Number of protein chains: 2
Amino acid sequence: MGEYKRILLAVDLADESNIVGERAIQLARLFDAELHVVHVVEPLSLVYGGDIPMDLSSVQDQIQEQAKSSLDEFCEGAGVLEAHRYLIFGRPETEIHRIATAADIDAIIVGSHGRHGLALLLGSTANGVLHGASCDVLAVRVGPGAHRRAD
Amino acid sequence: MGEYKRILLAVDLADESNIVGERAIQLARLFDAELHVVHVVEPLSLVYGGDIPMDLSSVQDQIQEQAKSSLDEFCEGAGVLEAHRYLIFGRPETEIHRIATAADIDAIIVGSHGRHGLALLLGSTANGVLHGASCDVLAVRVGPGAHRRAD
């Protein structure tokens, strides 16, 4: 069985992504793999259904700037090359799969909130990434109910 | 961040589970973790909706015997202790979550066929395991469309 040579971490840059990011860094070290990091910003028009007043375009710009700054901060700390950082607009699942294919990724790491029922139907990124991925997917459990060791 | 101390491999004992099993063995070695292995046999009554003639009970027995033999064969090869092998009747997701909690598991490894659309709604074990798991879940991609390195 081959090792993981290229790992893609999909972050949402919320506080909880620390846990996911640390796991990705740990696995990349264990496998001596390249770590790639993607953050997908959903256009407000996708999130809110297209009824966005024109003056919200500056909000979108601010979201993107903040996202770039957070992505770079994480990647500097983790030693991720600039060429392996991806800040993208679009639908998370679609874009994560696209990057995974383009960068010849062996394993995608994504946070999972363990949603089920209606929340799942309404969309979970981990769920969306799992389906249709042509590589392995590690869903790192975050949020309430997550089992964590103290050590 | 803690290491994975106990990894639970959920196998379906089909040919494809070799890939999943090898990944589980590899990760258990990298993390120096205990490897636990569960195989859940779905009762025919669950699979076929309860309309099982009485004389099929011997078929169920044969399925169970075959499953035990395959599970033991895999576990002997992988050096999995008898106390860490679980052959269980029931619904896969429910039983996998139950074992994960009872054995204080940090990560579940399961094969994923990358189903989507109707096939997903009809049930994918990887999908079911992901939702509601209180620990990390690694879905190892198997079957057509899986990205595999030759090395």
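Counting restarts for each chain: residues are numbered from 1 in the order of the written sequence. Starting at A for chains and at 1 for ligands, labels are handed out in the order in which the entities are written. Given that this is a predicted model, residues contribute local features only at a pLDDT of at least 70 and side-chain atom pairs are listed and counted only at 80 or more, while totals for whole chains, interfaces and linings are drawn from all residues. Excluding hydrogens and water, the side-chain values take into account all heavy atoms of the structure.

Focus: the overall build of chain A
Piece 1. Here a strand is any run of E in DSSP of at least two residues, a helix any run of H or I of at least four, and the numbering for each starts at the N terminus. Counting secondary structure elements, chain A contains six helices and five strands.
Piece 2. In sequence order, chain A lays out its α and β elements as β-α-β-α-α-β-α-β-α-α-β.
Piece 3. In this scheme, a residue with accessible area under 20% of its type's maximum is buried, one over 50% is exposed, and one in between is partly exposed, where area comes from a 1.4 Å probe on protein chains only. The burial tally for chain A puts 48% of its 151 residues in the buried class.
Piece 4. A separation of at least 24 residues holds for 76% of the contacts in chain A among residues at least 6 apart in sequence. Here a residue-residue contact requires only that any non-hydrogen atoms of the pair lie within 4.5 Å.

Re the nonpolar core
Piece 1. Counting residues in hydrophobic clusters, the biggest one holds 45 residues, and the most contacted among them are A:Leu9, A:Leu35, A:Val37, A:Ile109, B:Leu35 and B:Ile109.
Piece 2. Apart from residues lying up to four places away in sequence, A:Leu35 is in contact with A:Ile7, A:Leu9, A:Ala24, A:Ile25, A:Ala28, A:Val80 and A:His84.
Piece 3. Only buried residues count toward a nonpolar core, which is a set of Ala, Val, Leu, Ile, Met, Phe, Trp, Tyr and Cys residues joined through side-chain atoms within 4.5 Å. With 40 residues, the next largest nonpolar core counts A:Ala100, A:Ile105, B:Val40 and B:Ala100 among its residues.

Some remarks on the packing of aromatic side chains
Piece 1. Pairing of aromatic side chains here covers Phe, Tyr and the six-membered ring of Trp, requires ring centres within 6.5 Å, and sorts the geometry by plane angle: under 30 degrees stacked, over 60 edge-to-face, intermediate tilted. The tally for this structure, following the rule as stated, stands at two aromatic pairs over all chains.
Piece 2. Relative to B:Phe31, the ring of B:Tyr4 lies with its centre 4.8 Å away and its plane at 50°, an arrangement referred to as tilted. Here the residue B:Tyr4 occupies a position in the segment before strand E1 (6-10), and B:Phe31 occupies one in helix H1 (residues 17-31), the gap between them amounting to 27 residues.
Piece 3. By relative accessible area, which is 3% here, B:Tyr4 ends up buried.
Piece 4. Taking NZ or CZ as reference, A:Arg23 lies 3.8 Å from the ring centre of B:Tyr4, over its face. Two conditions define a charge located above a ring, namely a distance within 6 Å from the ring centre to NZ of Lys or CZ of Arg, and an angle within 35 degrees of the ring normal.

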